[in-house]
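Reading the structure
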Amino acid sequence: MIPVLKTDRITIPKLGLGTWKLAGAEGQAAVESALSLGYRHIDTADRYANEEAVGAALAASGVARQELFVTSKVWWDNLAPEAIRRSLEGSLRKLGTDYLDLFLVHWPAPGMDLPAILRTLQAVQAEGRVRHWGVSNFPPGLMRQLEELGGAPACLQVEYHALLSQARLLDWCRPRGIALTAYSPLGQGALAEQPVLQGIAARHGATPLQVALAWLLRQENVVVIPKAARPASQRANLEAIPLAAALTPEDVAAIDALPKDWRRVTPDFSPNWNFL
Ligand SMILES: NC(=O)c1ccc[n+]([C@@H]2O[C@H](COP(=O)([O-])OP(=O)(O)OC[C@H]3O[C@@H](n4cnc5c(N)ncnc54)[C@H](OP(=O)(O)O)[C@@H]3O)[C@@H](O)[C@H]2O)c1
């Protein structure tokens, strides 16, 4: 059973399937496999060009819509109010659903009109097209600006894993009940080579990637969305759930002490991550 994070703002499965680079028939098969293993939270985006494949998998799975948690995102060059609406309607059509559980601004854009974006997100929520809205790749200063405008996002999705600190954003999100969704929670697979994680994994009969996920899963207010194409990896990632309870305080302290400045996803349109 996948645990659920419940806050005043959102109820969301703590573990979901990431689908970046999972497209076409491979994408559909991966999402169908995950749903058959018990995953209920699927993370996609207009930009991933896979919403049709995800939608086909949702339909083929036979899982009732209300049991699913479906996230999609609007790309940063579509943040004018009408463009947000067009992107959302396209996502809904391709996914074959009449609402999203979570709709995210994928990246902030330089010079974006944040008040207009906020009004649009609140409007599509009031219209029932999205149950919750949130943002992704927003640094602390933009979270503050959003709040000053009266915006109450339900979720912030950012890169977060054993080699990258998000302490400041976690301190912002926790008291407000904003779910912090960790993307690239496995460091895109590279954490398999991390010696401290390897040592802890050996003691628990687990893999370093499972340890990396377990370290995140045990954290309050944190959700993880590892991407895994293969059923064996999807199953292994589910097994991180019991491992989260088995990590010792020494294990956790050793992971906490790792360097935390290794960012994998930082395209040229990234915001200033240090905007406080
Ligand atoms: N908001 C954003 O800007 C943003 C940015 C990046 C990512 N995301 C979201 O976050 C999701 C996850 O991030 P990510 O895809 O960058 O990286 P990730 O989940 O950290 O790592 C994915 C890689 O790990 C491998 N893997 C997964 N489970 C494994 C296992 N148990 N054993 C061995 N290898 C395993 C996958 O291999 P296979 O696929 O070959 O199985 C893949 O190569 C994305 O798919 C996307 O939904 C959002």
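Residues numbered from 1 in each chain as written. Predicted model: local features only at pLDDT ≥ 70, side-chain atom pairs only at ≥ 80, totals over all residues.

**Observations regarding the overall build of the chain**
Definition in use: Only DSSP runs of H or I covering at least 4 residues are called helices, and only runs of E covering at least 2 are called strands; the numbering of each starts at the N terminus. With the radius of gyration taken over C-alpha atoms, the globule rule is written as 2.2 Å times the number of residues to the power 0.38. Here contacts are defined at the residue level, using C-beta atoms placed from the backbone and a cut-off of 7 Å between them.
Across its full length, the chain holds 11 helices and 10 strands. For 276 residues, the compact-globule estimate of 2.2 N^0.38 gives 19 Å, and the chain sits close to it at 18 Å. Its C-alpha atoms give the chain principal-axis dimensions of roughly 55 × 45 × 35 Å. Look at the contacts in the chain between residues 6 or more apart in sequence, and 74% of them connect residues 24 or more apart.

**What to know about helix 9 (residues 231-238)**
Operational definition: Here a residue counts as buried when 20 or more other C-beta atoms sit within 10 Å of its C-beta, as exposed when there are 12 or fewer, and as partly exposed otherwise, the C-beta atoms being derived from the backbone. To obtain the arc, one takes the directions from the helix axis to the C-beta atoms.
Within helix 9, burial applies to Gln234, Asn237 and Leu238. The buried residues of helix 9 occupy one face: seen down the axis, they fall within an arc of 105 degrees. Residues of helix 9 that are buried make contact with helix 1 (24-37), helix 8 (208-217) and helix 10 (240-246).

**Digging into the site of the ligand**
Applied cut-off: A molecule or strand has a residue near it when that residue's C-beta atom, placed from backbone coordinates, lies within 6 Å of it.
Around the ligand sit 26 residues in total, of which Gly18, Trp20, Leu186, Gly189 and Lys227 are the nearest. The element that contributes the greatest number of residues to the shell around the ligand is helix 9, accounting for 3 residues.

**So, the sheet that holds strand 8 (residues 155-159)**
Worth spelling out the cut-off: Pairing between strands is defined by DSSP: at least two bridges between the two strands are required. Axes here refer to lines fitted to C-alpha atoms; in helices the fit is confined to the stretch in contact. Angles between the N-to-C directions go from 0 to 180 degrees.
Overall, parallel pairing links the 8 strands, which are arranged 3-4-5-6-7-8-9-10 in an open sheet. Two strands in the sheet have a free side with no partner beyond their single neighbour: strand 3 (17-18) and strand 10 (222-224). With 4 bridges joining them, strand 5 (residues 69-74) and strand 6 (residues 100-105) adopt parallel strand pairing. The partner of valine 74 across the bridge, within strand 6, is valine 105. The sheet strands contacting helix 4 (residues 114-126) are strand 6 and strand 7 (130-136), and the helix crosses strand 7 at an angle near 155 degrees.

**Focus: helix 8**
Every α-helix carries 3.6 residues per turn, so stepping three or four residues along brings you back to the same face. Counting buried positions over the 10 residues of helix 8 gives 10, a clear majority of the element. Those residues of helix 8 lying buried are Pro208, Leu209, Gln210, Val211, Ala212, Leu213, Ala214, Trp215, Leu216 and Leu217. Against the buried residues of helix 8 lie strand 9 (179-183), helix 7 (195-204), strand 10, helix 9, helix 10 and helix 11 (249-256).

**Some words on the environment of threonine 97**
Structurally, threonine 97 can be placed in the loop between helix 3 (81-95) and strand 6. Look at threonine 97 and you get partly exposed, because 19 C-beta atoms sit within 10 Å. Those residues in contact with threonine 97 that sit more than four places away from it in its chain are Arg65, Val70 and Leu92.

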